[in-house]
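Below, each chain spelled out in residue letters.
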Protein chains: 2
Amino acid sequence: MSNEKISTQPYKGTRDFYPEDMKIRNWFFGVIRESLERASFEEYNAPMLESLELYIAKSGEELAKEQTYNFTDRGGRMLAIRPEMTPSVARMVAAKAGELNYPLKWYSIPNMYRYERPQRGRLREFWQLNVDIFGCDGFEADFDVIESAIEMLRGFGADETMFRVHINNRRFFNDVIAAIVGTDTEGARRVSKVIDRKGKVTREAYEKDMAELGVDADKLAKIDALYTMNVREATALCPDSVGSGELLSLFDLLEKTGLDKFCVFDFGIVRGLDYYTGTVFEVFDEAPENNRAMFGGGRYDNLVGLFVKNAKISGVGYGMGDVTLENFLVTHNLVPNLYASEKKVLITRFDDVPMEHYVSLAASLRAGGTTATVYLGAKKFGKQIDFAVKEHFSHVVICGASELEAGVVKVKDLETREESEIAMDKLSAFFE
Amino acid sequence: MSNEKISTQPYKGTRDFYPEDMKIRNWFFGVIRESLERASFEEYNAPMLESLELYIAKSGEELAKEQTYNFTDRGGRMLAIRPEMTPSVARMVAAKAGELNYPLKWYSIPNMYRYERPQRGRLREFWQLNVDIFGCDGFEADFDVIESAIEMLRGFGADETMFRVHINNRRFFNDVIAAIVGTDTEGARRVSKVIDRKGKVTREAYEKDMAELGVDADKLAKIDALYTMNVREATALCPDSVGSGELLSLFDLLEKTGLDKFCVFDFGIVRGLDYYTGTVFEVFDEAPENNRAMFGGGRYDNLVGLFVKNAKISGVGYGMGDVTLENFLVTHNLVPNLYASEKKVLITRFDDVPMEHYVSLAASLRAGGTTATVYLGAKKFGKQIDFAVKEHFSHVVICGASELEAGVVKVKDLETREESEIAMDKLSAFFE
């Protein structure tokens, strides 16, 4: 062992999870799991290391190499630590494409790494919930994943004042743009790219780009109007579009099931141009100080085809980072005191009582389902109580030589400060 | 996207977890968590990537570089994917050494990577349970971690016919060897190294190595005898050793608490020479076809000292791999049918009933705590039932146009094949 001292800090952009941090994370993930499993989503996982070519195939070589931690193993294989889950799950579905029972309702909460500059909401190591339905082309799968996102956030106690799902449709988007600008497919595609970047440039630059593509003031006004329309007004502009039909079916079902109060049509949701093929959505934080997209997703049709020729297994889903969720829950004061409702018993020790007596008390409490431990240190009674308070124990059990002789113990409630004397053989029942 | 097809196989030595695999793993980890948390162990976690120097400091440069996936980031930092958790947790304890409340009872079940040839029980990616108590020098912490290992295995339904904890003490080991071979500390140390390798070489080679260090036949016989002794016979050979006292206290408490039936003194447990400083133990699978050490641990005193000068925070703990545990549970037939007891409802669909009706039925079941989903595919009724059976649904709900009109649904139990007709507004209560 070296004598030089090593830094105790975690690697840049990563986090240590001490027990109090882990408790919150386990609560996050527990609420998510419960909500999704109740809707019959099943959890899966894949290795942390994947072949680099998986990401190159999806995102291109430059982006894949720049955004991942990648290296070559001794066998010459180019590997990457996964920066996202979609390629892994597409690979898994492709590997068993012929034997799986569709539609699949799958989710995962893997840890992953992205090589980027750490900033608020963006870390190098993070966990990301991935929810997907594979093998259902109908709008009911789009509804089901949107419903799952709403129910998950409601599971945390969030209501319609706190978040909203903004929904658009890529087929509709392409069709309505083509209808307005009246160009061929490639021309409409170039206009779409400008629209996709709209939020990232000045109005002036946007108008200039549009003008260069032949979009005059009249057409521009028509496009602008789309951003203020509801779903019926917008789809009326191109009623024959398959995308219009999908949007109307989706919003109709949202209305009839009462979920429309959580949702809004938003022409501004595009989510890039090469990946999604139908419904697209983003979930916004409604807090005025934090009003922005937290996470999103949509329908994609071609991913499994990367692996299996002529395979046509469609998917619809979303991904949500743990840091984003934590920011949202903290902003809306939705993280409860996780220690408040727990029963957790510290059995204090005195030197003149044999250790096996304390061990047996702890064992009987645990057998009754109560969390309990004997104090393992060598400190005096007062320090043992301090330890219990700092470590969020709800009760201490006190048993000195006189209690042992009398066959009783004292139980002290650390919140109310009440003390009770209880027969030793009734102790476990006292906590049940 | 490329047109060349990519392999669908996971990277060598790693595993995909499809939902049925994940279900077993979640059950494993759930039983472990419940058992440890009931004994007041708290979960922590650390990043998957750590500074390579962390492992070099513990294991030396050659071993650290050979056994880890390591690489240099763009900032010139040498990183490794963690091959074990101990350096990370030592770093975390060191970082807050002055503010933590000792003793700490901590556990973690991280995924990690070791660069080795995949073989039975050894994969490149695995999960490892780590259980440690920091900051308690007394034997009661040694007892507490051994108790936690026993109770965890009992939590899976294992009993004393299936596993045994083999216990030794490194202080006792060193002292009794020195007492027998009668050499200076360095001489005893060299003899110890030969003994540590005993199980890996032939008896002939072992005797030759011992003879070279001056251990004659008489001394060798005394050492051989230690392997057949119980803890009282063995410790009687060097009654003044601190290690003897620790062993006797530990076994005394195991006997008085009835845990001795799970434990045995075993002089053959050494666990390397540079790391452990007191109690050492290994948990053996008692199945004749699989009789070998599954996992182990012990007391170590110096780890936190790698990071903080003059720090003296002792630890005692163990690590257990997920593959090892799975082999043990499968060998002893301890993995239950995890689907058998689950209530999981598929709501089948007919084209002439509006979707919102099915969605509302599912929502009311979920609100009552029952797992439910509407069938999302486009297949006929018989295929929907096939889907339900293959996907382990326990019940299907059937509601066609006539049931909808009558305000009822049919519920079919897929195990008993019984069918009941239930009023729509009583459906949720039926499953509670």
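Right, let's walk through the structure included here.

Parameters and conventions
- Residues numbered from 1 in each chain as written.
- Chains lettered and ligands numbered in written order.
- Predicted model: local features only at pLDDT ≥ 70, side-chain atom pairs only at ≥ 80, totals over all residues.
- Heavy atoms only, no water.
- Core = buried A, V, L, I, M, F, W, Y, C linked by side-chain atoms within 4.5 Å.
- Buried < 20%, exposed > 50% of the residue type's maximum accessible area, 1.4 Å probe, protein only.
- Helix = DSSP H or I, 4+ residues; strand = E, 2+ residues; numbered from the N terminus.
- Contact = heavy atoms within 4.5 Å.
- Buried area = accessible area lost by both parts, 1.4 Å probe.
- Salt bridge = Lys/Arg side-chain N within 4 Å of Asp/Glu carboxyl O.
- Polar contact = N/O pair within 3.5 Å; in protein donor to acceptor, adjacent residues only side chain to side chain.
- Pairing = 2+ DSSP bridges.
- Axes fitted to C-alpha atoms, helices over the stretch in contact; angles between N-to-C directions.

**Some words on the nonpolar core**
I32(A), L129(A), L153(A), F163(A), I167(A) and I177(A) are the most contacted members of the largest nonpolar core, which totals 94 residues. The element contributing the most residues to this core is helix α5 (residues 139–155) of chain A, with eight residues. Once residues lying within four places of it in the same chain are set aside, the contact partners of F163(A) are I150(A), L153(A), A158(A), F262(A), V283(A), F284(A), E286(A), M294(A) and F328(A). Counting residues in hydrophobic clusters, the runner-up holds 93 residues, among them F431(A), L250(B), F267(B) and V270(B).

**Description of the interface of chain A and chain B**
Taken residue by residue, the interface counts 98 residues in chain A and 95 residues in chain B. Interface of chain A and chain B: buried area, both sides summed, is about 8800 Å²; carbon and sulfur atoms make up 59% of it. Summed over the three residues of chain A that lose the most area to chain B, namely I6(A), Y18(A) and L376(A), the buried surface amounts to 9% of that side. In this assembly, chain A and chain B are joined by ten salt bridges. For K344(B), the salt bridge identified is with E42(A), shortest N-O distance 3.9 Å.

**So, the pattern of salt bridges**
On inspection of all chains with the given rule, the structure shows 50 salt bridges over all chains. We note a salt bridge from R299(A) to D142(A), for which the minimum N-O separation is 2.8 Å. Of the two residues, R299(A) sits in strand β11 (residues 293–300) while D142(A) sits in helix α5, which places them 157 residues apart along the sequence. Like R299(A), the residue D142(A) is buried in the burial classification. E207(B) is the partner of R203(B) in a salt bridge, and the nearest nitrogen-oxygen pair spans 2.8 Å. Here E207(B) and R203(B) lie together in helix α8 (residues 203–212), a separation of four residues that amounts to about one turn. Several salt bridges share partner residues, and in doing so they unite D16(A), E50(B) and R91(B) into one network.

**Side note on the side chain of N130(A)**
Residues and elements named next belong to chain A. Structurally, N130 is set in strand β7 (residues 125–134). At 3.1 Å, the side chain of N130 and the backbone oxygen of Q128 are in polar contact. Sequence-distant contacts of N130, defined by excluding residues within four places in its chain, comprise Y44, M85, T86, W106, Y107, S108, P110, M112, Y318 and G319.

**Observations concerning the sheet that holds strand β17 (residues 419–423) of chain B**
All names here are of chain B. One open sheet accounts for five strands, arranged β14-β13-β15-β16-β17; its pairing is mixed. Of all strands in the sheet, those bounded by a partner on one side alone are β14 (371–374) and β17. Averaged over all adjacent pairs, the angle separating strand axes in this sheet is 25°, with direction ignored. Pairing geometry for strand β13 (residues 344–347) and strand β15 (residues 395–398), over three bridges, is parallel. Paired with I347 across the strands is V397, a residue of β15.

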